[in-house]
Amino acid sequence: MKRGTRPSGAQTLQWVSERGIFFFTAALVAFAALFIDNFVSIVNITDVFHRAAPIGIVAVGMTFVVISGNYLDLSVVAQVATAAVVLIAVSNSAGLGLAVLAALAIALLYGVVNGVAVGYLRANAVIVTLSTTFVGLGILRWLSGGSIFFGPPDGPIRALGQVKVVGLPLSALVLVVMTAALAFLLGRTNFGFLIRSFGSNRTATRLAGVDTSRVVVGAFLITSLSAMVAGFVLAAFSNTAVSTMAQGFDFGALAAIIIGGTSVFGGKGSVLRTLLGVIFVSVLTNILVLSKIGFGWQQMAIGALIVLAVSVDTLARKAARR
Amino acid sequence: MTADQTTPEAPGPVVIEAESIVKRFGGATAVDDVSIAVRSGEIHGLVGENGAGKSTLMRILAGILTPDQGEVRVDGRPLTGGTRAALDAGIALVHQELSLVPELTTAENIMLGAFPTRLGFTNARQLRGVAATALREIGVSVDLDERVGRLSVALRQFVEIARAVARKPRVLILDEPTATLTPAETDYLLTMLQRLAEGGLAIIYISHRIPEIFRICDRVTVLRDGQLIGTTPIRATTPAALVDQMVGREYKLDLQIRRESTPGEVVLAARGVRAHRVHGVDLDVRAGEIVGLGGLVGAGRTELVRAMIGADIRTAGRVTVTAHGRTRSISSYQSAVRNGVAYVPEERRTDGLALTMSVAENIALPNRRRLATGGVLRRSRVSAFAQRLADSVGLRPPDIRKDAGDYSGGNQQKIVIAKWLGRNPKVIVLDEPTRGVDVGAKAEIHRLIRELADQGTAVLVVSSDLPELLELSDVIHVIRDGRIAGTLSGPEADERSVMSLAAGGGMVGKA
């Protein structure tokens, strides 16, 4: 957009909404590097990535559901924990291969149940995924008896959790690869095109002859598969798994997506933005931790940021509509 | 015919009068220097084609819109201060679209906005009492505690009128109240209005249905293109004269404009189609033929075409598309699109385009399969394809990277047409293809529609724009109450014949 004159309030809003996250993330990282002691250190950067990776993997996948205009998938809390518990518990008794297959089957089931309820039955995504969270966590607690599962200290899961690539944990590499793959899927393929088109205008997409219900199922399947990968990464990191381990992943992922600038109204957004949102939230949290600011304040800061991001998105939309 | 507002047709004094009202929306003048006066005890008819300015004028009388020029007076006193002041002055408007809350009861809806309260709490007994009185006054029996969402459309219409009557109005304005009613219900409503008028109420009655106007009105005012054509005592006019006044220009089909068409085989065939508001329609569209669907808003034209192509549920009937010698049945919208049907919907902004996506992406949507290799979209192929189509429909500016929402109405319609052109459709259905489009873009869209027909596409057009319908169509079916009321072609199709079929006045003898 070329402008000769001073930008109006509406144009500023649109700039923040469209480009803001790139600028703010760079500024935040630069600020931390310059002014926060111990930020630039191998130990700290590794720690930031360790914490960011599982939730980031969930977030890049859930971006599909948000862009499709279906708000979010709350059941990732149950899905991540289930994948982690199944990976460790089943591989302890039946081997790693079977554990991965079992987790994959469960992920597909979650994606299909959520997707069919929202896509074919037209149920509200928040209600549907809230229900599947409860059912899923209930089953997990019943089967696991609420106990913590430990992998053998010399097992393959433990080994994967310790692998480092160019000094960074394997989980960080998984996050980068997932982001690249999903960015390609969303931005370059027919499937991703239909997700964006459906999110922008579901009626127009249906009237173009598209089977839109199938598109919704696809969005939930992508989220479920990402949640499974996140569960594996989380289990490998600590070599333990418990049903409560993914608490807060739902809103953590949504925060990264929204702060990244993907619209909660659907249609607008990208996987790369979500990655930036993840980095922004993680670095901000890290800064607050390093500055010895309590957990309560961290939560408040993230909450305020979400409100800010949603307001900018809403106002920019209203301004554009004029 | 000249304006005649002084004839003392109705008994009472003038209650409400509007003088020299002008209302503009953007560049368009919706109401242009219109004056009207209605007396106590009078039923005053207001007629005109779609878009003549009737509803706008009534919204001004009810205080919903403020006129740019002119004045509304009640009992000689100027009316200012919006809806509240109009309500206080005793003006009640029964809207064209029902404005009831389906989750609330009959009594609550009737009293909505005027709940009787005691110490800040709703006085339930008084609420039901006043509502019951209003219903008794219009002579309708409805369960006061039934949720309105469970009532029939007709009963809801009567509840709406009861709501107006409960406010003890002096002027009652009804905007096409019988559009959704059966003949028996209509009969009841008209009798009720006559009784209310005898009690001294001034009633303004908007309707497209000429027989109703002649049955109950004392005087009738005709609007055309926002201008006042005249006010006449009903005894001094005839249905034929009224239709002539509404249509105005003696529009004769210009045979120069019409295409030389040599229709081929039947491509789109519908038999016994029934759906919501559609009561059994048979329809054929041949290759290279443009079939027009005329009729009033609410006659069921949009419902008919949507049911035909599977965009909405069809309760009965069979629709087929024949191409390359193969006849396929249309069972769903997706099967329609697969078999070569293209649909340009009435609401292009909400149904036709993804406004936050680029022109290229909108054009690519129905063509995505041929633009992709192994499911991966080829960007260069998409932009070359979209650019070619954008150029062929004359998109201006032809920038396919811009969002569809950044374009004007006419250009947006061109984008909708462009995305279907890419599929070489066998059948194209266009619903109000040029509504809200400027004159230049309108001519271009007409040219595109003719070109499609010339290339052998079967074209079905719904239009409320009579000159457009007459100019484009080889055959016109006029729809009324969900059925084909008549079929016109060649020289017998003119504005008057279409309008009288549409309004149910029967065929009006040619002048």
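Remember, predicted model here, so these are calculated numbers, not experimental data.

1. A word on the overall build of chain B
Along the backbone of chain B there are 17 helices and 24 strands. Over its C-alpha trace chain B gives a radius of gyration of 25 Å, about what one expects of a compact globule, namely 24 Å for 511 residues. Within chain B, the proportion of its 511 residues that are buried is 49%. Counted over contacts in chain B with a minimum sequence separation of 6, partners at least 24 positions apart contribute 69%.

2. A few points about the overall build of chain A
Scanning chain A for helices and strands turns up 13 helices and four strands. The globule rule puts the C-alpha radius of gyration for 322 residues at 20 Å, and the 20 Å found for chain A is close to it. Taking the principal axes of the C-alpha coordinates as reference, chain A spans close to 65 × 55 × 35 Å.

3. Quick look at the sheet that holds strand β23 (residues 475-480) of chain B
Residue and element names in this part refer to chain B. Overall, mixed pairing links the six strands, which are arranged β18-β21-β22-β15-β23-β24 in an open sheet. Each edge of the open sheet carries a strand with a single partner, namely β18 (341-344) and β24 (483-489). On average, each strand axis in the sheet is tilted by 20 degrees relative to the strand beside it, whichever way the strands run. Strand direction decides the pairing type here: strand β15 (residues 290-295) and strand β22 (residues 458-462), joined by four bridges, are parallel.

4. What about the sheet that holds strand β16 (residues 316-323) of chain B?
All names here are of chain B. The strand order across the open sheet formed by four strands is β14-β13-β16-β17, and the pairing between neighbours is antiparallel. Whereas interior strands pair on both sides, the edge strands pair on one side only; in this sheet they are β14 (278-286) and β17 (326-329). The mean angle between the axes of side-by-side strands here comes to 15 degrees, regardless of whether they run parallel or antiparallel. Taken together, the seven bridges between strand β13 (residues 266-275) and β14 define a ladder with antiparallel strand orientation. Directly across from Val266, in β14, lies its bridge partner Arg286. The strands that helix α9 (residues 301-308) touches are β13, β14 and β16; relative to β13, the one it contacts most, it runs at about 115 degrees.

5. A closer look at the confidence of the model for chain B
All names here are of chain B. Model confidence for chain B is summarised by a mean pLDDT of 87, while 93% of its residues fall at 70 or above. Taken as a whole, residues 250-256 scores under 50 in pLDDT and shows ten contacts with residues more than four places along the chain or in a different chain. This model gives residues 506-511 a pLDDT under 50, and the stretch forms nine contacts once residues within four places in sequence are excluded. Scored as a whole, the predicted complex attains pTM 0.78, and scored at its interfaces, ipTM 0.89.

6. Observations concerning the environment of Val113 of chain A
Residue and element names in this part refer to chain A. Looking at the element boundaries, Val113 is found in helix α4 (residues 96-120). Exposure remark for Val113: the 20 C-beta atoms within 10 Å place this residue in the buried category. Along the sequence, Val113 and Val128 sit 15 residues apart, while their C-alpha atoms lie 9.0 Å from each other.

7. A look at helix α6 (residues 183-198) of chain B
Residues and elements named next belong to chain B. With 16 residues, α6 ought to run about 22 Å at 1.5 Å a step, and its terminal C-alpha atoms sit 23 Å apart, in line with that. Looking only at α6, the buried set comprises Thr186, Leu189, Leu190, Leu193, Leu196 and Ala197. All buried residues of α6 project into a common sector of 120 degrees when viewed along the axis, lining one side. Every exposed residue of α6 that faces more than 90 degrees away from the buried side is listed here: Ala184 and Glu198. Trailing α6 by a residue or two, Gly200 shows a phi angle of about 105 degrees, which is positive.

8. Considerations on the interface of chain A and chain B
By a widespread convention, an interface's size corresponds to the accessible area lost as its parts come together. Counting residues at the interface gives 18 residues for chain A, matched by 23 residues for chain B. Put simply, the parts of the chain that give the side of chain A that touches chain B at least two residues each are α8 (190-200) and α9 (202-207) of chain A. Sort the elements by how many residues they give to the side of chain A that touches chain B and α8 of chain A lands first, with six residues.

9. Quick look at the domain arrangement of chain B
Residue and element names in this part refer to chain B. Taken domain by domain, chain B consists of domain 1 (14-247) and domain 2 (266-355 + 424-503). Look at where the C-alpha atoms of domain 1 and domain 2 centre, and you get two points 33 Å apart. Taken together, the contact pairs ten residues of domain 1 with ten residues of domain 2. Broken down by element, the residue count for the side of domain 1 that touches domain 2 peaks at four residues, all from helix α8 (residues 239-247).

10. Notes on the pairing of β16 of chain B
All names here are of chain B. One ladder, built from five bridges, connects β13 with β16; its direction is antiparallel. Bridge pairing in β16 links Arg271 to Arg318. Bridge analysis of β16 against β17 gives four bridges, and the strand direction is antiparallel. What sits directly across from Thr322, in β17, is Thr327. Linking β16 to β17, which pair antiparallel, is a turn of two residues; within it His324 sits at a positive phi near 50 degrees.

11. Looking at the environment of Ile363 of chain B
Mapped onto the fold, Ile363 of chain B is located in helix α12 (residues 359-364). Each C-alpha atom of the pair Ile363 of chain B and Arg24 of chain B lies 35 Å from the other, and the pair is 339 residues apart in sequence.

12. Some thoughts on the environment of Met308 of chain B
Residues and elements named next belong to chain B. Structurally, Met308 can be placed in helix α9. Sequence-wise, Met308 and Val281 are 27 residues apart; in three dimensions their C-alpha atoms are separated by 9.6 Å. Excluding residues within four positions of it along the chain, Met308 makes contact with Ala270, Val273 and Val319.

13. Side note on the confidence of the model for chain A
Segments scoring low in pLDDT should not have their predicted coordinates read at a detailed level. Mean pLDDT over chain A stands at 91; residues scoring 70 or higher make up 97%. Low pLDDT, under 50, characterises residues 1-5 of chain A; the predicted model gives this stretch one contact beyond four residues in sequence or across chains.

14. A closer look at the nonpolar core
Of all hydrophobic cores here, the largest spans 253 residues; its most connected members are Val58, Val80 and Leu87 of chain A together with Ile173 of chain B. Top contributing element to this core by residue count: helix α10 (residues 212-238) of chain A, with 17 residues. Residue-level mapping places this core at the junction of two domains, with at least three residues from each of domain 1 (14-247) and domain 2 (266-355 + 424-503) of chain B.

15. Points about the packing of helix α2 (residues 42-67) of chain A against helix α7 (residues 170-188) of chain A
All names here are of chain A. At a minimum axis distance of 9 Å, the contact between α2 and α7 shows a crossing angle of 15 degrees. Between α2 and α7, the angle falls in the class roughly parallel. Crossing of α2 over α7 shows left-handed handedness. Residues Phe49, His50, Ala53, Pro54, Gly56, Ile57, Val60, Gly61 and Phe64 of α2 lie in contact with α7, whose contacting residues are Ser171, Ala172, Val174, Leu175, Met178, Thr179, Leu182 and Leu186. Class assignment of the residues belonging to the contact of α2 with α7 gives a composition of twelve nonpolar, five polar and no charged.

16. Thoughts on the packing of helix α3 (residues 76-94) of chain A against α4 of chain A
All names here are of chain A. Where α3 contacts α4, the axes come no closer than 7 Å and their chain directions differ by 155 degrees. Between α3 and α4, the crossing angle belongs to the class labelled roughly antiparallel. Along this stretch, α3 crosses α4, giving a crossing that reads as right-handed. Residues Gln79, Thr82, Ala83, Val86, Leu87, Val90, Ser91 and Ala94 of α3 lie in contact with α4, whose contacting residues are Leu96, Leu98, Ala99, Ala102, Ala103, Ile106, Ala107 and Tyr110. Looking at side-chain class alone, the contact of α3 with α4 contains 13 nonpolar, three polar and no charged residues.

17. Here's the deal with unusual backbone geometry
Residues and elements named next belong to chain B. Look at the link from Arg396 to Pro397: it is a cis peptide, with omega at -10 degrees. Tracing the backbone through its elements, the reader meets Pro397 in the loop between α13 (379-392) and α14 (409-421). Its identity is not glycine, yet Asp481 carries a phi of approximately 50 degrees, on the positive side. Within the secondary structure layout, Asp481 lies in the loop between β23 and β24.

18. A look at α10 of chain A
All names here are of chain A. Between its terminal C-alpha atoms α10 stretches 40 Å, which fits the 39 Å expected from 27 residues at 1.5 Å a residue. Within α10, 23 of the 27 residues are buried, which leaves it mostly tucked inside the rest of the structure. Phi turns positive one or two residues past the end of α10, at Asn239, with a value near 60 degrees.

The rules we used
- Residues numbered from 1 in each chain as written.
- Chains lettered and ligands numbered in written order.
- Predicted model: local features only at pLDDT ≥ 70, side-chain atom pairs only at ≥ 80, totals over all residues.
- Helix = DSSP H or I, 4+ residues; strand = E, 2+ residues; numbered from the N terminus.
- Rg over C-alpha atoms; globule rule 2.2 N^0.38 Å.
- Buried ≥ 20, exposed ≤ 12 C-beta atoms within 10 Å, placed from the backbone.
- Contact = placed C-beta atoms within 7 Å.
- Pairing = 2+ DSSP bridges.
- Axes fitted to C-alpha atoms, helices over the stretch in contact; angles between N-to-C directions.
- pLDDT = per-residue confidence, 0-100.
- Expected span 1.5 Å × (residues − 1).
- Arc of directions from axis to C-beta.
- Domains from an automatic or database assignment.
- Core = buried A, V, L, I, M, F, W, Y, C linked by C-beta atoms within 7 Å.
- Parallel < 35°, antiparallel > 145°, perpendicular 65-115°, else oblique.
- Left-handed = near helix turned anticlockwise from the far one by under 90°.
- Nonpolar A, V, L, I, M, F, W, Y, C, P; charged D, E, K, R; others polar.

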